[in-house]
Amino acid sequence: MAQTYDQRQELLARLWTDLKSNLTAAQIAQLDGLPDPCRNHVEDRLSKPERGLKLKSGLQRLAVSDAALLLDGLRLHPHAVCRAAETIGPISESLWDNLREELSRHRLWVVASSLETSKDKNQAFWQALETLAPYRELPQPLLDFLEEGRAKAEAPWREFLTSLRRFLVRERLEKVRFQTYAALRGRGSQCSDT
């Protein structure tokens, strides 16, 4: 059954209000400041009956478990956020709790946390590269820099840090989706190295 315009508007208003209930004042300001194309992408997907409830539930789960990932993802990769949210929205609470716990220990989350909390960003950046390089979980310019064997002093590390942070947002959203699929296929929900 197709939604009326009023039903769609009510659902959208409820979505943004419900998400805000799990955010700090600074995070609410980030959500309110999202560019229109990012909001529109979410709202367009939410208007589809086959996706709406799954998406809303998944966005709520992301807001509760990792608001920073949700907000950065909405700003940088709204499509990836929607895909991850639609994947985790319909799963059971116990499965989500298990996945969330395992993901929090995965190197992508450990590195992202270290980059955000470290006082010495330069040191945290180089440690992140050491951790992720063996898995090739880095943006291509960083991989190229490492493969060329150039000295650290030559690195535009602040530019690379920005690139790495963006990359980690996308990769973590994809990891949420892939690990959910793996758990649903019965392969267990252990975070793999792939």
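Located above this text is the structure these notes cover.
None of these values were measured; they are calculated from a predicted model.

(A) Representation of the overall build of the protein. Along the backbone of the protein there are eleven helices and zero strands. Counting from the amino terminus, the protein carries its helices and strands in the arrangement α-α-α-α-α-α-α-α-α-α-α. For the protein, the C-alpha radius of gyration of 18 Å lies close to 16 Å, the compact-globule estimate for 194 residues. If you line up the protein on its principal axes, its C-alpha atoms span 60 × 40 × 25 Å. Put simply, the protein has 194 residues, and 45% of those count as buried. Contacts in the protein between residues far apart in sequence, at least 24 positions, make up 72% of those at least 6 positions apart. Per element, the accessible surface of the protein, about 10,300 Å² overall, is 50% carbon and sulfur. The distance from the centre of the 29 positive side-chain charges to the centre of the 27 negative ones in the protein is 2 Å.

(B) Looking closely at the packing of aromatic side chains. On inspection of all chains with the given rule, the structure shows five aromatic pairs. Relative to F160, the ring of F145 has its centre 5.5 Å away and its plane inclined at 75°; by these criteria the two rings are edge-to-face. Residue F145 is found in helix α10 (residues 140–147), and its partner F160 is found in helix α11 (residues 157–184); the two are separated by 15 residues along the sequence. Residue F145 shares its accessibility class with F160, and that shared class is buried. Members of the aromatic cluster, joined through ring pairs, are F125, W126, F145, W157 and F160. The ring of W16 is capped by R39, whose NZ or CZ atom sits 4.2 Å from the centre of that ring. The lysine or arginine in question, R107, covers the ring of Y135, its NZ or CZ lying 3.5 Å from the ring centre.

(C) Main features of the nonpolar core. Membership of the largest hydrophobic core comes to 57 residues, with the highest contact counts inside it found for L59, F125 and L164. Considering every element that reaches this core, the biggest residue donor is α11, with ten residues. If sequence neighbours within four positions are ignored, F125 has contacts with L115, L142, W157, F160, L161 and L164.

(D) Examining helix α8 (residues 107–117) more closely. Every buried residue belonging to α8 is among R107, L108, W109, V111, A112 and L115, and all of these are buried. Against the buried residues of α8 lie α5 (67–76), α7 (93–105), α9 (121–132) and α11.

(E) Looking closely at helix α6 (residues 78–88). When you tally the buried positions in α6, you get nine out of eleven residues, the bulk of the element. Burial in α6 covers these residues: P78, A80, V81, C82, A84, A85, E86, T87 and I88. As for α6, its buried residues are in contact with α3 (36–46), α4 (49–65), α5, α7 and α11.

(F) Local environment of the environment of T131. Checked against the element boundaries, T131 lands in helix α9. The spacing of T131 and V110 is 21 residues in sequence and 9.6 Å in space, taken between C-alpha atoms. Not counting residues within four places of it along the chain, the set of residues in contact with T131 comprises R107 and V111.

(G) The arrangement of the pattern of salt bridges in detail. Evaluated as defined, the whole model comprises 16 salt bridges. Here D97 makes a salt bridge to R100, at a shortest N to O gap of 3.2 Å. One end of the pair, D97, and the other, R100, are both in helix α7, three residues apart, so they sit about a helical turn from each other. With a relative accessible area of 30%, D97 lands in the partly exposed category. Here E101 ties to R105 by a salt bridge, and the two come within 3.0 Å at their closest N and O atoms. Taken together, the residues E101 and R105, both in helix α7 and four residues apart, mark about one turn of the helix.

(H) Representation of a nonpolar patch on the surface. Taken together, the side chains of F178, Y181 and L184 define a hydrophobic patch exposed on the protein surface, amounting to about 290 Å² of accessible area. By secondary structure assignment, the location of L184 is in helix α11.

The rules behind these values
- All residue numbers refer to positions counted from 1 along the written sequence of the respective chain.
- Since the coordinates come from a predicted model, pLDDT governs what is reported: local features require at least 70, and pairs of side-chain atoms require 80 or more to be given and counted, while whole-chain, interface and lining totals use all residues.
- Derived side-chain values reflect all non-hydrogen atoms in the structure, with water molecules and hydrogen atoms excluded from consideration.
- The helix and strand labels rest on DSSP assignments: H or I over at least four residues marks a helix, E over at least two residues marks a strand, and numbering proceeds from the N terminus.
- Using C-alpha atoms as the atom set, the radius of gyration is obtained and then compared with a globule rule of 2.2 Å times the number of residues to the power 0.38.
- Only protein chains enter the calculation, and the probe is 1.4 Å; a residue is then buried if its accessible area is under 20% of its type maximum, exposed if over 50%, and partly exposed in between.
- We call two residues in contact whenever any of their non-hydrogen atoms come within 4.5 Å of each other.
- Only the protein chains shown count as covering a residue, and every accessible area follows the Shrake-Rupley method with a 1.4 Å probe.
- Charge counting treats Lys and Arg as positive and Asp and Glu as negative, with His and both chain ends excluded.
- Each charge is placed at NZ for Lys, CZ for Arg, CG for Asp and CD for Glu.
- Between the rings of Phe, Tyr and Trp (Trp by its six-membered ring), a pair exists once the centres lie within 6.5 Å; its type follows the angle of the planes, with under 30 degrees stacked, over 60 edge-to-face, and the other angles tilted.
- For a Lys NZ or an Arg CZ to count as sitting over a ring, it must be within 6 Å of the ring centre and within 35 degrees of the ring normal.
- Nine residue types can take part in a nonpolar core, namely buried Ala, Val, Leu, Ile, Met, Phe, Trp, Tyr and Cys, and a core is a set of them joined through side-chain atoms within 4.5 Å.
- Counted as salt bridges are all cases of a side-chain nitrogen of Lys or Arg within 4 Å of a carboxyl oxygen of Asp or Glu.
- Any residue with relative accessible area above 30% and no salt bridge may belong to a patch, with like charges joined within 9 Å and the nonpolar Val, Leu, Ile, Met, Phe, Trp and Tyr side chains within 5 Å.

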